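# What the coordinates show
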Amino acid sequence: MSHTLEAFRALIADRLGLAFDDGRRATLAGVLDRRANALGVCAPEYVERLRGAGGFARTELGAIAKDLTVGETYFFRDHDQLRVFREVVIPHLSRSASPVRILSAGCASGEEPYTLAILLRERSVGNASIRAVDVNGAALQKAERMRYGAWSLREVPPDVRERWFDRDGDDHVLCADLRDSVQLEERNLAEGGVFDGAPFHVVFCRNVLMYLTPEAVRVVVDRIAQSLVTGGYLFLGHAESLRGVSQDFEPRHTHGTFYYQRSGARTSPRAPDSWADVIASASERVRSLADAQRAAEPPVRRPDLGPAIDLFERERFADAIALLGALPPAEARDPSVMLLHAVLQTHTGDLVGAEQTCGELLRLDTTSAGAHHLIALCREAAGDLSGAREHDRLAVGIDASFAMPWLHLGLVATRAGDGDAANLAFSRALVLLEGEDPTRILLFGGGFRRDALLALCRSHLAREAAHG
Ligand SMILES: C[S@@+](CC[C@H](N)C(=O)[O-])C[C@H]1O[C@@H](n2cnc3c(N)ncnc32)[C@H](O)[C@@H]1O
C-alpha cells in the first residue's frame, strides 16, 4: 500500500472510526482518487489538507463517509429484536413517568428509527422521542424524504404497510405523522456530542460496530454505556457482540435473540461470578492472552496473492489451488487466501468444498461479503433458491457496494419467476457495477468483464419491461 493510501486509511480510522483491511484497498484508493480529482489536487496534497481540523476536513469527511460507509438497512429488520422491543422494552418503559429517550446510532436512511416510531405509535406510547444519527448526510436526506422503494419494505407485515405507507408509483411514502417522532442529525459517533444531554433509555446501534476499528468500537461502546440509564437497553446487530469490549452491560437472551441491559453504576460491585462476569472475564483473558501471544510471535507475513491470481486469470485453476496449498499454514489461514481458494473451488466445480471453505472463513471473519456471495452461488447450484437469496442478502448487508450479489439476486428472482424482485436487483447491480472494483469483477464475475455484466443486467431489465 502506498504511503499516501496508508495515511488516508489511518485518517479514516482516526476521524470516522472506520476500519479498512487490505481486501478493500481498491475501494479506498478509488475514493481517494475521486475526491482528489474533484478538488483538482494530487492525492498527497488532499490527504495533507484532510489532516487539518477546519471546515475543509469536516466537509470532506462527510463526502468520504457517503462513499465509504455501508448503508444497507430496511424496515422491520430483525423481527426477534423488535419483538423484544415490543414485548419487553415498551411495557418496561411505559411504567416510567419521564419521557422515553431512544437513540438510533447509525440510522442510515431512517428505516430503523421509523420502524421504532411505528412500533411505539402502535402501542400508543406518546411520550417518547427518537434521536437518529448518522455520519452519512446523503442517507439522512433520504430519511428526510420518507420515501422508500419496495426493497426497503421487504420485511414489513402487510397490515403495517397498509396503515403507515401510501403508494406513489413505485415508491412507498411514510405517513407524515411520523416525521416529528424522529429527530435526524448528521453526527459522527467517533466524535463526542452524540451522547451528550439527557440519558437514553434505549440505544439501537445495529450493524455499525462491525465496520469500526477495535479502538473506535471501545470508544463508542463506552460512550453508549455512559449515556444509558441503569437498566437501559442496548441492541446490536446479530453479528456483533460486546464480548471482550465492555463490562458495563448484562447480556440478555430472550425471544431467540441477544441484547444488553446497562448494569449498575461501575462503582457498585456486581454479584461476584455472575455468569456475565465469568463470560466477560474469560473473554478478556482470552483477548489478553491472544494479544500477548501476538506480541511474542513474529508477525505473520501477508501472503502475496499475485501469482495465484495470475494463474486464475489464465484459467489454470488447479495450478492456482496447488500454489495456495503450498503456502505455510499461517498464511493459508489468511482470510484473503481462503476466499481466493473458495473462488477457485467454484471454478473447478468443487461446490461442496467451496461452501466448506467459506464456512471456515466466516468463522474467522463474519464480515466476509465475498464468502456469503460464494455460498449463495453454491446454494443456487444445489437448487436451494431461498438459501441463495439469504446469503446474497447477507453479502449486500455487509457491503452494500458489492454489485455481484445483486446481479445474482436478479438471476435467482428471474429463475423463481419474481419479476419485481428481479427488476430491483438488476437495477441495483447496474448502478453498482459501474464503480465495482476490478479485482472483485475478476473474482466473482464468473469470467465476464464489466461490459458483459452490464449488458446482462440491461438485457434482463429490457426483457422484464417487455413482459411487464
Ligand atoms: C449498515 S448501516 C446500519 C443501519 C441500521 N442501524 C440497521 O441496522 O439497519 C450502518 C450505518 O452506520 C453508519 N456509520 C458508520 N460509521 C459511523 C460513524 N462513525 N458515525 C455515525 N454513523 C456511522 C453508516 O453511515 C451507515 O449508515
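Our structure is the block above this text.
Residues numbered from 1 in each chain as written. Predicted model: local features only at pLDDT ≥ 70, side-chain atom pairs only at ≥ 80, totals over all residues. Heavy atoms only, no water.

### Observations regarding the sheet that holds strand β7 (residues 200-205)
For the record, the criterion: In this scheme, strands are said to pair when DSSP sees at least two bridges between them. Under the scheme used here, helices are H or I runs from DSSP no shorter than 4 residues and strands are E runs no shorter than 2 residues, and both carry numbers assigned from the N terminus. To get an axis, fit a line to the C-alpha atoms, keeping to the stretch in contact for a helix; angles then go from 0 to 180 degrees between the N-to-C directions. What makes two residues a contact is simply this: any of their non-hydrogen atoms within 4.5 Å.
Across the sheet, seven strands lie side by side as β6-β2-β1-β7-β8-β10-β9; this open sheet has mixed pairing. The sheet terminates laterally at β6 (182-186) and β9 (249-254), the two strands that pair on one side only. Averaged over all pairs of adjacent strands, the angle between strand axes in this sheet comes to 20°, irrespective of strand direction. Both strand β8 (residues 228-236) and strand β10 (residues 257-262) contribute to a ladder of two bridges, which runs antiparallel. Bridge pairing in β10 places Y233 opposite Q261. Its contacts with the sheet put helix α6 (residues 111-122) on β1 (100-105), β2 (128-134), β6 and β7, and the angle it makes with β2 is roughly 170°. Each of β2 and β6 is contacted by helix α7 (residues 137-145), which is oriented at about 160° to β6, the strand it contacts most.

### So, the environment of R333
By the secondary structure assignment, R333 is in the loop between α13 (329-332) and α14 (335-347). For the pair R333 and L361, spaced 28 residues apart in the sequence, the C-alpha separation amounts to 8.3 Å. Once you skip the residues sitting within four places of it in the chain, R333 turns out to touch M338, E360 and L364.

### Examining the site of the ligand
Rules: We call a residue near a given molecule or strand whenever any one of its heavy atoms falls within 4 Å of it. Within 3.5 Å is the distance limit for a polar contact, defined as a pair of N or O atoms, with the added protein rule that one can donate a hydrogen and the other accept it, and that residues adjacent in sequence qualify only through two side-chain atoms. Per-residue and other accessible areas follow the Shrake-Rupley method at a 1.4 Å probe size, with only the shown protein chains counted as cover for residues. Only Asp, Glu, Lys and Arg are considered charged in this grouping, and only Ala, Val, Leu, Ile, Met, Phe, Trp, Tyr, Cys and Pro are considered nonpolar; every other residue, Gly among them, is considered polar.
As a matter of local geometry, the ligand sits amid 21 residues, with T73, R77, D134, L189 and N207 nearest to it. The contact in question runs from a nitrogen atom of the ligand to an N or O atom on the backbone of R206, over 2.9 Å. A distance of 2.8 Å separates an oxygen atom of the ligand from a polar atom in the side chain of N207. For the ligand, the accessible surface in isolation is 600 Å², of which the surrounding protein chains cover 99%. Considered class by class, the residues forming the shell around the ligand number nine nonpolar, six polar and six charged.

### Let's talk about the side chain of S152
Applied cut-off: For every residue, the accessible area obtained with a 1.4 Å probe (protein chains only) is divided by the maximum for its type, and the residue is called buried under 20%, exposed over 50%, and partly exposed between those limits.
Residue position: S152 is located in the loop between β3 (147-148) and α8 (158-164). When its relative accessible area of 8% is taken as the criterion, S152 is described as buried. Here S152 is in contact with Y74, F75, E111 and K142, once residues within four sequence places are set aside.

### Some points on the packing of helix α16 (residues 369-381) against helix α18 (residues 403-415)
If you want to describe how two helices pack, look at the angle between their axes and the distance between the axes. Which entries qualify depends on this criterion: Under this scheme an angle from 65 to 115 degrees is roughly perpendicular, one under 35 degrees roughly parallel, and one over 145 degrees roughly antiparallel; angles in between are oblique. Two helices cross in a left-handed way if the nearer one is turned anticlockwise from the farther one by less than a right angle. They cross in a right-handed way if the turn is clockwise.
At a minimum axis separation of 10 Å, α16 and α18 run at an interaxial angle of 20°. Considering their axes alone, α16 and α18 lie roughly parallel with respect to each other. The crossing of α16 and α18 is left-handed. Contacts between α16 and α18 involve H373, A376, L377 and E380 from the first element and M404, P405, H408, V412 and R415 from the second. Its residues placed into classes, the contact of α16 with α18 shows five nonpolar, two polar and two charged.

Interpretation in functional terms is not warranted from these geometric data alone.
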